[in-house]
Amino acid sequence: MSGYIVTDQKKITSKTFQEMKQRGEKISMLTAYDFTTAGIIDAAGVDCVLIGDSASNVMAGNDTTLPITLDQMIYHARSVARAVKRAMTICDMPFGSYQVSREEGIRNACRMMAESGVDALKLEGGVEILDTIRGLLNAGIPVCGHLGLTPQSVHKFGGFGLRAQEEAEAQKLMSDAKALDEAGCFAIVLEKVPAALAAEVTRQVSCPTIGIGAGNGTDGQVLVYADAMGMTQGFKPKFLRHFANIAEVLTDGVGDYVRAVKDGSFPNADESY
């Protein structure tokens, strides 16, 4: 069994992210949606735990992130925040919770922070939501941006394909990133964009960038834990690497349990009162 040994147990914050970028240390981020999994991921040494609206897919089996509600995200975020001691916790604001108006976005964000106990929030979009982001920052809420493939806009994009391949979209992504950085976002997730563009954005903004399907030139990486740990069946995009095969381990364990129950060997005398 291999492990990443963490010697520094100080709580990671948005300030830590900035310090990591300045010294060239890559930032590791994984998603989690429940207490048990989050505790394991935190103890293993990850820098940041993202309570992603990908819970809509991973936990509820939806095809997109759109159906998950504010209440459901708060439930998942509270469960994760209770478990995580060292890593920074960031929660996605779900679809519909901040797009209607600046005031509603601030109100929902304050509720998420108060009821979940997470450290920061993540919002998808660029200059279109800049006023809302400024409002959150003015309210004292750390904000992580998200550009490129923004899954809440999947129907607008017509799918989950690579973004910013054309010059016009690449220029907009760059200007959006600079606007988010100047507004005060402590980090920006770049999803499914060309590696060269992500690296250039990383050079031109002062805040850290976190890539997913954006090459190795970003300041950090994020993956959905169920994908990275081999739990998700039939999903293997180019950017995904399997770091474990939990599906196989769990299947074998369940099979062993079923056999032990069927043949009467569980529980044995030592396992009985």
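Here, the structure is the one placed above.
In short, a report on the structure. What you see is a predicted model; the values in this text were computed from it and never measured.

Reading the values: the criteria
- Residues numbered from 1 in each chain as written.
- Predicted model: local features only at pLDDT ≥ 70, side-chain atom pairs only at ≥ 80, totals over all residues.
- Heavy atoms only, no water.
- Helix = DSSP H or I, 4+ residues; strand = E, 2+ residues; numbered from the N terminus.
- Contact = heavy atoms within 4.5 Å.
- Lys, Arg positive; Asp, Glu negative; His and termini not counted.
- Charge placed at Lys NZ, Arg CZ, Asp CG, Glu CD.
- Expected span 1.5 Å × (residues − 1).
- Buried < 20%, exposed > 50% of the residue type's maximum accessible area, 1.4 Å probe, protein only.
- Polar contact = N/O pair within 3.5 Å; in protein donor to acceptor, adjacent residues only side chain to side chain.
- Salt bridge = Lys/Arg side-chain N within 4 Å of Asp/Glu carboxyl O.

Time to look at the overall build of the protein chain. Summing up its helical and strand segments, the protein chain has 11 helices and 8 strands in all. With respect to the principal axes defined by its C-alpha atoms, the protein chain has extents near 65 × 40 × 35 Å. Look at the contacts in the protein chain between residues 6 or more apart in sequence, and 59% of them connect residues 24 or more apart. Side-chain charges of the protein chain comprise 26 positive and 33 negative groups, with the mean position of each set lying 3 Å from the other.

With that out of the way, let us pick up helix α11 (residues 246-262). Over its 17 residues, α11 runs 24 Å from end to end, which matches the ideal 24 Å to within 8%, given 1.5 Å per residue. Three or more residues of α11 are buried, namely A247, G255 and A260. G264 occupies a position one or two residues after α11 and carries a positive phi of about 80°.

Topologically, L149 is positioned in the loop between β5 (143-148) and α7 (154-157). With 64 residues separating them in the primary sequence, L149 and G213 have C-alpha atoms 9.6 Å apart.

Turning next to helix α9 (residues 195-204). What α9 keeps buried is the set L197, A198, A199, V201 and T202. At its buried positions, α9 is contacted by α1 (14-22), α8 (167-183), β6 (187-191) and β7 (209-212).

Okay, unusual backbone geometry next. In this model, F266 is joined to P267 through a cis peptide bond whose omega is 0°. You can see P267 is positioned in the segment after α11. One non-glycine residue with positive phi stands out, namely A164, at about 60°. Counting through the fold element by element, A164 comes out in the loop between α7 and α8.

Tracing the sequence through the fold places S79 in helix α4 (residues 70-83). The class of S79 is buried, set by a relative accessible area of 11%. A polar contact of 2.9 Å, which involves the side chain of S79, links it to the backbone oxygen of Y75. Apart from the residues lying within four places of it in its own chain, the contact partners of S79 are Y33, D34 and F35.

Overall, the coordinates contain 14 salt bridges when judged by the stated rule. Between K21 and D219 there is a salt bridge, with the nearest N and O atoms lying 3.0 Å from each other. Of this pair, K21 sits in helix α1 while D219 sits in the loop between β7 and β8 (220-223); the two residues are 198 residues apart in sequence, bridging distant segments of the chain. Each member of the pair, K21 as well as D219, carries the same accessibility label: buried. With a shortest N-O distance of 2.9 Å, E25 and R23 are connected by a salt bridge. Relative accessible area serves as the criterion here: at 31%, E25 is assigned to the partly exposed category. Salt bridges sharing common partners tie together D71, R111 and E115.

Nothing here speaks to function; it is all geometry.
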